[in-house]
Amino acid sequence: MNDTQSPGLNRVLVIDDNPAIHEDIKKILCNRGIDNKELRSAKARLFGDTAEKSSLDEFEIDVAFQGEEGLHKVERAKAAGRPYSLAFVDVRMPPGWDGIETITRIWKVDPDLQVVICTAYSDYTWEDMVRQMGRSSSMVVLKKPFDNIEVLQLAHALTAKWDLNRRVQNQLRDLDTLVEKRTAELHRANAQMKGEIAERLVAQKALILSEERFSKAFRANPIPLAIQSLQSGAITDANRGFQALTGYNREELIGRTPSELGLWVDPDRGRNIIARLSSSPSIRHSPCLLQTRPGAVCEILLSVEPMELDGQP
């Protein structure tokens, strides 16, 4: 629904083959001399408006003499974005459609339109109307001759109801738009997350493969190799060559420092290595004396290479 309709102006369509009815309803709804405080106070209680007269009390009246003419006016008003909020429809309008057929056709075009069925006869019972048009909260019956206050009350109540329905529909559309926007954002975030997860899985697989290769090369290397934590000084891993050199098995080496194991003949050797690494990226073939578990002293060439494993130096 296009919401270009002027705010506060209630557009009313009167469909009746009697021009006198047109004039009567115009006089009732457009007579600015009518000042019904009781009506405006009731309206304020019902709809939360002030009891002062406002633009919401104004009506724009359009008329049609036959149902088909009324349908065309509803179609044009809807297409122009200025739909009617209320229609007074006569039951008898020979020779064309009667009021029931007219309303049935109009609601197919504009289901939000509030309708007052005007009748002086018992052409249709309420059950007949419900059976033909279906049960609807947008329809009331008004008996002729009209009571002015009753017409005013119906006009104010039904146009206010129409306006409230329109506001609710607008809010629901805004909510739907917001939900669609948020859903699209979530879809994009989800797609991005899936991409990041896929990249991490690829990187994780590559890391696992790299770690497997490193582990195999480390353990199978004939050169004695050990991995030592730079922070704690403890040995975190040692290959078979290192175990054979020192005389300690892997379980005895893991978690202990070379000083605790008594590997350095020179007690300051470990501190000197750390000091050298602070100014040099690595140590290559440095002569060193190593004391093994049996108590033998071995002369070795020591190489140290800084590295990171699991983020630890």
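For the structure, check the block above.
This section reports on the structure supplied with the text. The model shown is predicted, which means the values in this text are computed figures rather than measured ones.

Notes on the overall build of the protein
Inference 1: Check the secondary structure of the protein and you find 10 helices and nine strands.
Inference 2: In the protein, which comprises 313 residues, the share counted as buried stands at 34%.
Inference 3: At a minimum sequence separation of 6, the contacts of the protein that also span at least 24 residues come to 60%.
Inference 4: For the protein, the computed accessible surface area is about 19000 Å², with 54% contributed by carbon and sulfur atoms.

Quick look at the pattern of salt bridges
Inference 1: Under the criterion given, the structure shown has 16 salt bridges.
Inference 2: Linking glutamate 60 and arginine 11 is a salt bridge whose minimum nitrogen-to-oxygen distance equals 3.1 Å. Of this pair, glutamate 60 sits in strand E2 (residues 58-64) while arginine 11 sits in strand E1 (residues 9-15), placing them 49 residues apart in sequence.
Inference 3: On the basis of relative accessible area, arginine 11 is assigned to the buried category, the value being 7%.
Inference 4: In this structure, glutamate 60 engages arginine 82 in a salt bridge whose closest nitrogen and oxygen atoms are separated by 3.0 Å.

Some points on the pairing of strand E7 (residues 235-238)
Inference 1: Pairing between strand E6 (residues 226-228) and E7: three bridges, direction antiparallel. Across the sheet, residue alanine 226 finds its bridge partner in E7, namely alanine 238.
Inference 2: Connecting E6 to the next strand, E7, in antiparallel fashion are six residues, including glycine 233 with a positive phi near 80°.

Some thoughts on the pairing of strand E3 (residues 86-90)
Inference 1: Of all five residues making up E3, five are buried, and the element is well covered by its neighbours.
Inference 2: Along E3, one buried face is formed by Leu86, Phe88 and Asp90 and the opposite face, lined by Ala87 and Val89, is buried too.
Inference 3: Following the chain from E3 across helix H4 (residues 99-109) to the adjacent parallel strand E4 (residues 114-119), one finds a crossover that is right-handed.

Some thoughts on the packing of H4 against helix H5 (residues 126-133)
When two helices pack together, their arrangement is given by the angle between the helix axes and the distance between those axes.
Inference 1: Orientation of H4 relative to H5, taken along the N-to-C sense of each, is 35°, at an axis distance of 10 Å. The handedness of the crossing between H4 and H5 is right-handed. Counting all contacts with H4, which are made through Ile100, Ile103, Thr104 and Trp107, the residues of H5 involved are Met129, Gln132 and Met133.
Inference 2: Broken down by class, the residue content of the contact of H4 with H5 amounts to five nonpolar, two polar and no charged.

Points about the packing of aromatic side chains
Any aromatic ring pair is given by two values, namely how distant the centres are and how the planes are angled relative to each other.
Inference 1: One pass over the full model with this rule turns up one aromatic pair.
Inference 2: Residues phenylalanine 214 and phenylalanine 218 carry aromatic rings whose centres are separated by 5.9 Å and whose planes lie at 20° to one another, so their mutual orientation is stacked. Of this pair, phenylalanine 214 and phenylalanine 218 both sit in helix H6 (residues 148-220), four residues apart, roughly one helical turn.
Inference 3: Taking relative accessible area as the criterion, phenylalanine 214 reaches 35% and is therefore assigned partly exposed.
Inference 4: The cationic tip of arginine 105 hangs over the ring face of tryptophan 97; the distance from NZ or CZ to the ring centre is 4.2 Å.

Topic: the nonpolar core
Inference 1: Ile117 and Met133 are the most contacted members of the largest nonpolar core, which totals 22 residues.
Inference 2: Mapped onto this core, the elements with two or more residues apiece are E1, helix H3 (67-79), E3, H4, E4 and H5.
Inference 3: Among the elements that make up this core, the one with the highest residue count is H4 (four residues).
Inference 4: Setting aside residues no more than four positions away along its own chain, methionine 133 makes contact with Ile100, Ile103, Thr104, Trp107, Ile117 and Met139.
Inference 5: Judged by nonpolar contacts, the second largest core, of 20 residues, contains Ile21, Phe59, Val116 and Leu154.

Cut-offs applied
Residues numbered from 1 in each chain as written. Predicted model: local features only at pLDDT ≥ 70, side-chain atom pairs only at ≥ 80, totals over all residues. Heavy atoms only, no water. Helix = DSSP H or I, 4+ residues; strand = E, 2+ residues; numbered from the N terminus. Buried < 20%, exposed > 50% of the residue type's maximum accessible area, 1.4 Å probe, protein only. Contact = heavy atoms within 4.5 Å. Areas by Shrake-Rupley, 256 points an atom, 1.4 Å probe, with all protein chains shown as cover. Salt bridge = Lys/Arg side-chain N within 4 Å of Asp/Glu carboxyl O. Pairing = 2+ DSSP bridges. Right-handed = clockwise from strand over helix to strand, strands pointing away. Axes fitted to C-alpha atoms, helices over the stretch in contact; angles between N-to-C directions. Left-handed = near helix turned anticlockwise from the far one by under 90°. Nonpolar A, V, L, I, M, F, W, Y, C, P; charged D, E, K, R; others polar. Phe/Tyr/Trp six-rings, centres within 6.5 Å; stacked < 30°, edge-to-face > 60°. Lys NZ or Arg CZ within 6 Å of the ring centre and 35° of its normal. Core = buried A, V, L, I, M, F, W, Y, C linked by side-chain atoms within 4.5 Å.

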